[in-house]
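Geometric and topological summary
Now for the letters of each chain:
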Amino acid sequence: MNEHNMLKTGAVKTEDVTSDILSLRTAIVNVQMVGSPSGGDWVLVDTGLGMFADSIVKTAHDRFGRPPKCIVLTHGHFDHVGNAKELMERWNVPIYAHSLELPYLNGKADYPVGDPSVGGGLMARVAPMYPHKGIDLGDRIHVLPEDGTIPGLPEWRWIPTPGHSPGHVSLYRKQDGVLIAGDAIITVKQESALAVIAQEKELHGPPAYFTPDWDAARESVRRLATLRPRIAITGHGVSMSGDELSDSLQRLARDFDRLAIPDQGRYVEKERDH
Ligand SMILES: [Zn+2]
Ligand SMILES: [Zn+2]
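Once a new chain begins, its residue numbering starts again from 1 and follows that chain's sequence as written. Written order decides the labels, with chains lettered from A and ligands numbered from 1. Confidence filtering applies because this is a predicted model: local features only for residues at pLDDT of at least 70, side-chain atom pairs given and counted only at 80 or more, and all residues used for totals across whole chains, interfaces and linings. Side-chain numbers come from the whole structure's heavy atoms, not from hydrogens or water.

**Here's the deal with the coordination of the zinc ion (ligand 2)**
- In this listing, donors mean N, O and S atoms no farther than 2.8 Å from the metal, or 3.2 Å for Na, K and Ca; water is missing from the atoms, so a site can look incomplete. The protein atoms that coordinate the zinc ion (ligand 2) are Asp79 (OD), His80 (NE2), Asp183 (OD) and His236 (NE2), at distances spanning 2.1 to 2.8 Å.
- Bound by four donor atoms, the zinc ion (ligand 2) shows angles of 85 to 158° at the metal and therefore irregular coordination geometry.
- One chain supplies every donor to the zinc ion (ligand 2), and in sequence these donors are spaced D-H-x102-D-x52-H.
- The distance between the zinc ion (ligand 2) and the zinc ion (ligand 1) comes to 3.3 Å, with Asp183 serving as a donor to both metals. Residue Asp79 is located in helix H3 (residues 78-81), and its partner His236 is located in the loop between strand S11 (231-234) and strand S12 (240-241); the two are separated by 157 residues in the primary sequence. Labels for metal geometry use angle windows, namely 85 to 135 degrees for all angles of a four-donor tetrahedral site, and for square planar (four donors) or octahedral (six donors) sites opposite donors over 155 degrees apart plus all others within 65 to 115; sites meeting none of these are irregular. A run of H or I in DSSP becomes a helix once it reaches four residues, and a run of E becomes a strand once it reaches two; helices and strands are each numbered from the N terminus.

Here it is in structure tokens:
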């Protein structure tokens, strides 16, 4: 199926990462359903590209037969909040995000415009066309609990991983080392349309065209590397695990400036002026 058809029909590709985590790809971005299909609470992490609400609701209904406890957003970029409004209304559930991400989710602020000059391919070149305006989720948007817990997921903790956006968070379950990293790290070269279509697996830093703070992004990747996760599920690309993950994550943390920061770019220049 080509990309156009996928968008029109809103078909999702799914990946069973563990028995209690299903990752769904909405064209170019993943959302995760976390929780046991056999009972108890489950949580939706991110909401994907717009027009996929029907597929997400149907997949959830088939898998759980009940709505989630809540929705957690790793951050508020358009491709992660595309169905947020519709899903929260249809399920009648709250949405949680980091306090620093709230202005982009309650209509108070917009993200910087996507930077086409970072290079790397077509997805980056058309970045100024991507929506960058904040959305307004009204009184359903809440701040994640200060103590790192996540409503509905007692085994999980959220970890601040800013840089790609001010209030970006990742989710981590220590017991089996599963990391849901949003866009703090991703497993596909998101700047390149060809790599995105093929979903070529390779660990990368955050999508460059939307990352305004590279110092914070570097610190976030280093923080994730110290966790030594066994499985990483990312906002873009397929999941990565084992030696492939540990080797490439340690390398990315060590050599972040060379591997992740573009040679030039609007937000790179700004950084280096400081
Ligand atoms: Zn993003
Ligand atoms: Zn993204």
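**Comments concerning the packing of helix H2 (residues 53-63) against helix H4 (residues 84-91)**
- Note on definitions: angles span 0 to 180 degrees between N-to-C directions of axes, and those axes are lines fitted to C-alpha atoms, for helices only across the stretch in contact. Interhelical geometry of H2 versus H4 gives an angle of 40° and a closest axis separation of 10 Å. Our classification of the angle between H2 and H4 gives oblique. Between H2 and H4 the crossing geometry is right-handed. The residues of H4 that touch H2, namely those facing Ala53, Asp54, Ile56, Val57 and Ala60, are Glu86, Leu87, Arg90 and Trp91.
- Along the lines of polarity and charge, the residues of the contact of H2 with H4 split into six nonpolar, no polar and three charged. When an angle is under 35 degrees it counts as roughly parallel; over 145 it counts as roughly antiparallel; between 65 and 115 it counts as roughly perpendicular; any other value is oblique. Note: crossing handedness is left-handed where the near helix turns anticlockwise from the far helix by less than a right angle, and right-handed where it turns clockwise. Residue contacts are defined here by distance: any two heavy atoms, one from each residue, within 4.5 Å place the two residues in contact. Residue polarity follows a fixed list, in which Ala, Val, Leu, Ile, Met, Phe, Trp, Tyr, Cys and Pro are nonpolar, Asp, Glu, Lys and Arg are charged, and the others, Gly among them, are polar.

**Concerning the layout of surface pockets**
- Roughly 240 Å³ of volume is contained in the second largest pocket.
- The rule is simple: put a 1 Å grid over the protein atoms alone, call a set of points where a 1.4 Å probe fits but cannot get out a cavity, call an open set with protein on both sides within 12 Å along at least five of seven lines a pocket, and count a residue as lining if it has an atom within 4 Å of a point. Lining the second largest pocket are 18 residues, and of these Lys189, Glu191, Leu259, Ala260 and Pro262 sit closest to its centre.
- Partitioned by chemical class, the residues of the lining of the second largest pocket number nine nonpolar, five polar and four charged. Grid points are joined across faces, edges and corners, and a volume is the space filled by probe spheres set on the points.

**Section: the confidence of the model for the protein chain**
- Scored by pLDDT, the protein chain comes out at a mean of 94, with 94% of its residues at no less than 70.
- Values of pLDDT, the confidence the predictor places in each residue, fall between 0 and 100. Least confident of the elements in the protein chain is helix H1 (residues 3-9), whose mean pLDDT is 44; most confident is strand S9 (residues 169-173), at 99.
- Below pLDDT 50 for its whole length, residues 1-9 participates in 14 contacts with residues either more than four positions away or in separate chains.

**Looking at the coordination of the zinc ion (ligand 1)**
- All of the protein donors around the zinc ion (ligand 1) are His75 (NE2), His77 (ND1), His164 (NE2) and Asp183 (OD); their distances to the metal are 2.1 to 2.3 Å.
- We note that the donor set of the zinc ion (ligand 1) lies within a single chain, spaced as H-x1-H-x86-H-x18-D.

**A closer look at the pattern of salt bridges**
- Between Lys or Arg on one side and Asp or Glu on the other, a salt bridge is scored when a side-chain nitrogen of the former is within 4 Å of a carboxyl oxygen of the latter. Considering all chains together, one arrives at 13 salt bridges under this definition.
- Residues Glu244 and Lys201 are paired through a salt bridge, measuring 3.1 Å at the closest nitrogen-oxygen approach. Of this pair, Glu244 sits in helix H8 (residues 242-254) while Lys201 sits in the loop between helix H6 (193-198) and helix H7 (214-227), placing them 43 residues apart in sequence.
- Judged by relative accessible area, which is 38%, Glu244 ranks as partly exposed.
- Using a relative accessible area of 39% as the deciding quantity, one classes Lys201 as partly exposed.
- Its salt-bridge partner being Asp255, residue Arg258 comes within 2.8 Å of it at the nearest N-O pair. Accessibility here uses a 1.4 Å probe with only protein chains present; expressed as a share of the type maximum, an area under 20% marks a residue as buried, one over 50% as exposed, and anything in between as partly exposed.

**With respect to the sheet that holds S11**
- The mixed open sheet is built from five strands, whose spatial order is S8-S9-S10-S11-S12. Unpaired on one side and paired on the other, strand S8 (157-160) and S12 mark the two borders of the sheet.
- With three bridges joining them, S9 and strand S10 (residues 178-182) adopt antiparallel strand pairing. Directly across from Tyr172, in S10, lies its bridge partner Leu179. A pair of strands is considered paired only if DSSP assigns at least 2 bridges between the two.

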